[in-house]
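Next come the chains, spelled out residue by residue.
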Amino acid sequence: MNRPDSTRLSLTNLPTKPAVDPNELTVGIVHLGLGAFHRAHQAVFTERAAQLTGETRWGITGVSQRSAAVREQLAPQDGLYAVLTRGTDSTSIDVIGSIREVLTAPEDPDAVVARIADPRVSVVTLTVTEKGYRAANGGLDLSDPEIQADLAGRPPRTVVGQLAAGLARRSGEALTIVSCDNLVANGPFLQRLVRQYADAAGLGGEQFESAAFPASMVDRIVPATTDADRDEAARLLGVRDEAVVVAEPFLQWIIEDHFAGARPAWDAAGAVLTADVAPWEQAKLRMLNATHSMLAYLGALRGYETIAEAVRDDELAAAARELLSADVGPTLTPPDGLDLTAYGESVLDRFANPALKHRTTQVAMDGSVKLPVRLLGTVQDRLTAGAEPHSASLAVAAWMVYVARATTVDDPQADRLKAATADATTPTALVDALLAVDTVFPEDLRENDTFRALLVDHVSTLTR
Ligand code: CS2
């Protein structure tokens, strides 16, 4: 028998007790996409809610969609891990116990579906990143080979396939499915994809009708964990934690108050439940995520390794401020109580946190699926208003130059992007090659001369 590793965090080796006894929790939530972000966000809200209410029915089954790496980190630790919170000049660490079970979808696809169908589970949350939705042009990408393989009848491996199969097999209380990814109207969007999948698969029934898909806006900067972080966590905890995650102090969750059944008291834990998430979500995507991407591309082109270095470059900070004030601001309706100027400054302050070491290359990845959400809506709105979106175009141009220059592009469409830019030797050729990618740019932008001219100008300057 394996002896518990006394140097490793676990239920029998707890330096600081988690707020709620993890042994008492039963699973009421399935989370798809067990990356660092979930562990630093929804799992923390869930832990706090349990602590405040004493409810024990909201343990989490976390599902890794790809590799077994997270299970290998968490299983020997009884699902426990710590959040290492790095402020500009203070660090703290907290052990979280809300993840009670870890599944690896490719190894155990049937268990994932069974958990979603389990009547004791009331809520599914998701952080599977933009590309995890396997969408194209606003709908499910039925030409995606993984979607096709799911539709052909294997135990589903795609997120949309898992949800549809789970709903089809479910009975009892209606399920609530909360998308926590950085997408426009993420809840209704996911609902559309699940419906499309169900139609294509010939699935349906009461559970599809009664399921709720609230929209939600999530916010916390969570850089990838490094070996240095794991060493620091070991020093602070006195035991090793292979699953530690790093986060900034800031933490926000705005959720549409639209649940089909029971839910954890996330509001008691600081989440905001509201009738309309859209203005929050739009401000966050167009302000925080857009300037993040802009700083990532411009920063990487200038050789900066981290976002904090990039935003401490006065020219790049000025470009980010200009994007906010000139292009994004005029397109937004601020949510009640949010001062957009102050919000913009607070976002740049958070980026400047030198303790986070958030790599520009991490934020730069998956540009083909991030740009449409973060920047292209702003470009479209400004063009419709008869304005020239100089700053938003600069961010898009920086992505183009980054794609052309980077030796490896970490992007679901990397092959297509690299092939398109292979022979583009002039700024005009580069812009035309990438602007023609119809899975990134909608038709109105592909055919807009003003946008094209702005891009050519910026690409010329950036490559000079
Ligand atoms: C970042 C986001 O990696 C990225 O693209 O812009 O992950 C960002 O850190 C979060 O959305 C902050 O809430």
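Residues numbered from 1 in each chain as written. Predicted model: local features only at pLDDT ≥ 70, side-chain atom pairs only at ≥ 80, totals over all residues. Heavy atoms only, no water.

Enquirer: Explanation requested: the sheet that holds strand β9 (residues 176-179) in the structure shown.
Expert: Backbone hydrogen bonds are what pair the strands of a sheet, in a parallel or an antiparallel way. Here 5 strands make up an open sheet; going across it, the order is β5-β2-β1-β6-β9 and the pairing parallel. Strands with a single pairing partner mark the edges of an open sheet, and in this sheet they are β5 (99-104) and β9. Put simply, the sheet's adjacent strands are angled 20 degrees from each other on average, direction ignored. As judged from the 5 bridges shared by strand β1 (residues 27-32) and strand β2 (residues 59-64), these two strands associate in the parallel manner. What sits directly across from Val30, in β2, is Thr61. (Pairing = 2+ DSSP bridges. Helix = DSSP H or I, 4+ residues; strand = E, 2+ residues; numbered from the N terminus. Axes fitted to C-alpha atoms, helices over the stretch in contact; angles between N-to-C directions.)

Enquirer: What is the right way to read helix α15 (residues 367-384) from this model?
Expert: Given 3.6 residues per helical turn, the α-helix brings residues three or four places apart onto the same face. End to end, α15 covers 24 Å across 18 residues, agreeing with the expected 26 Å (1.5 Å per residue, within 8%). Its maximal kink placed at Leu375, α15 deviates by approximately 45 degrees. Most of α15 sits inside the fold, with 13 of its 18 residues counted as buried. Gly386 sits one or two residues past α15 and shows a positive phi near 80 degrees. (Expected span 1.5 Å × (residues − 1). Bend = angle between axes of the 7 residues up to and from the residue. Buried < 20%, exposed > 50% of the residue type's maximum accessible area, 1.4 Å probe, protein only.)

Enquirer: Just checking my understanding: could you explain the domain arrangement of the chain for this structure?
Expert: When the parts of a complex come together, some accessible area is lost, and that lost area is often taken as the interface size. With domains assigned, the chain is organised as domain 1 (5-275) and domain 2 (279-463). One C-alpha centre belongs to domain 1, the other to domain 2, and the line joining them spans 28 Å. Counting residues at the interface gives 26 residues for domain 1 and 25 residues for domain 2. When domain 1 packs against domain 2, close to 2,100 Å² is buried across both sides, 59% of that on carbon and sulfur atoms. If you sort the residues of domain 1 by the area they bury against domain 2, Glu130, Lys131 and Ile221 come out on top, with a joint share of 27%. (Domains from an automatic or database assignment. Contact = heavy atoms within 4.5 Å. Buried area = accessible area lost by both parts, 1.4 Å probe.)

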